[in-house]
Amino acid sequence: MRMVAEVRDDYPNETAALQAVTEKLGIGSRETLRNWLKQHEVDAGTRPGTTTEESVQLKALKKEKAELKWANEILKAAASFFASMPSLETSTR
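How each quantity is defined
- Sequence order sets the numbering: in each chain, residues are counted from 1 along the sequence as written.
- Given that the model is predicted, a residue must reach a pLDDT of at least 70 before its local features are reported, and side-chain atom pairs must reach 80 or more before they are shown or counted; all residues, however, enter totals for whole chains, interfaces and linings.
- No hydrogens and no water enter the side-chain calculation; it runs on all heavy atoms of the structure.
- Axes here refer to lines fitted to C-alpha atoms; in helices the fit is confined to the stretch in contact. Angles between the N-to-C directions go from 0 to 180 degrees.
- Numbering of helices and strands runs from the N terminus, with a helix taken as a DSSP run of H or I at least four residues long and a strand as a DSSP run of E at least two residues long.
- When describing relative orientation, an angle under 35 degrees is termed roughly parallel and one over 145 degrees roughly antiparallel, while 65 to 115 degrees is termed roughly perpendicular and anything else oblique.
- Residue contacts are counted whenever heavy atoms from the two residues lie within 4.5 Å of one another.
- By convention in these notes, a salt bridge is any Lys or Arg side-chain nitrogen within 4 Å of a carboxyl oxygen on Asp or Glu.
- A 1.4 Å probe rolled over the protein chains alone gives each residue an accessible area, and that area as a share of the maximum for its type sets the label: buried under 20%, exposed over 50%, partly exposed in between.
- To estimate the expected span of a helix, count its residues, drop one, and scale the result by 1.5 Å.
- We call two N or O atoms a polar contact when they sit within 3.5 Å, provided that within protein one can donate a hydrogen and the other can accept it, with sequence-adjacent residues counted only if both atoms are side-chain atoms.
- To count toward a patch, a residue needs a relative accessible area over 30% and no salt bridge; like charges are then connected within 9 Å, while nonpolar side chains (Val, Leu, Ile, Met, Phe, Trp, Tyr) are connected within 5 Å.
- Accessibility throughout is a Shrake-Rupley quantity obtained with a 1.4 Å probe, and a residue counts as covered only by protein chains that appear here.

Novice: Can you help me understand the packing of helix 2 (residues 14–25) against helix 3 (residues 30–44) in this one?
Specialist: For any two helices packed against each other, the geometry comes down to the angle between their axes and how far apart the axes lie. Packing of helix 2 against helix 3 brings their axes to within 9 Å, and their N-to-C directions diverge by 110°. It follows that helix 2 is roughly perpendicular to helix 3 by the angle criterion. Judged by residue contacts, E14, T15, L18, Q19, V21 and T22 of helix 2 engage R30, L33, R34 and L37 from helix 3.

Written as structure tokens, this is what we have:
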């Protein structure tokens, strides 16, 4: 990101600067570098969007939600199973 900022004024536009840095670093695509730059700006608070930290938190919350949903389904099935069993009191009389 620093490299792009340092050479930006040496080129007619950002695309040209990104292309130059991409070639110097051997990155496969100028768009890859552009996306990294955008994410850096989001993380720095200079561009709106979901920060890297927020993305990690969202991923963890989605995983936790899926696990809780799965556990809830198991509990429902168990409750249904035990509710359908005859009670011990009636079977011992």
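Novice: What is the right way to look at the pattern of salt bridges in this model?
Specialist: Any two side chains of opposite charge can pair, on the condition that their charged atoms come close. Applying the stated criterion across every chain yields a total of six salt bridges. In this structure, the salt-bridge partner of E6 is R2, at a minimum N-O distance of 3.7 Å. With E6 and R2 both in helix 1 (residues 2–7), this residue pair falls four residues apart, about one helical turn. Here the two residues E6 and R2 agree in accessibility, since each one is exposed.

Novice: Looking at this structure, how should I read helix 3?
Specialist: Along an α-helix, a turn takes 3.6 residues, which lines up residues three or four apart on a common side. Relative to the 21 Å expected for 15 residues at 1.5 Å per residue, helix 3 spans 21 Å between its end C-alpha atoms, a close match to the ideal helical length. Those residues of helix 3 that sit buried are L33, R34, L37 and V42. Buried positions along helix 3 lie against helix 1 and helix 2. Near the N-terminus of helix 3, the side chain that reaches the backbone nitrogen of E31, with its oxygen 3.0 Å away, is that of S29. Remark: G45 follows helix 3 within two positions and exhibits a positive phi of approximately 85°.

Novice: What is the right way to look at a nonpolar patch on the surface in this model?
Specialist: A cluster of nonpolar side chains, namely F81, F82 and M85, defines an oily patch on the protein surface of about 340 Å² accessible area. Tracing the chain through its elements places F82 in helix 4 (residues 52–84).

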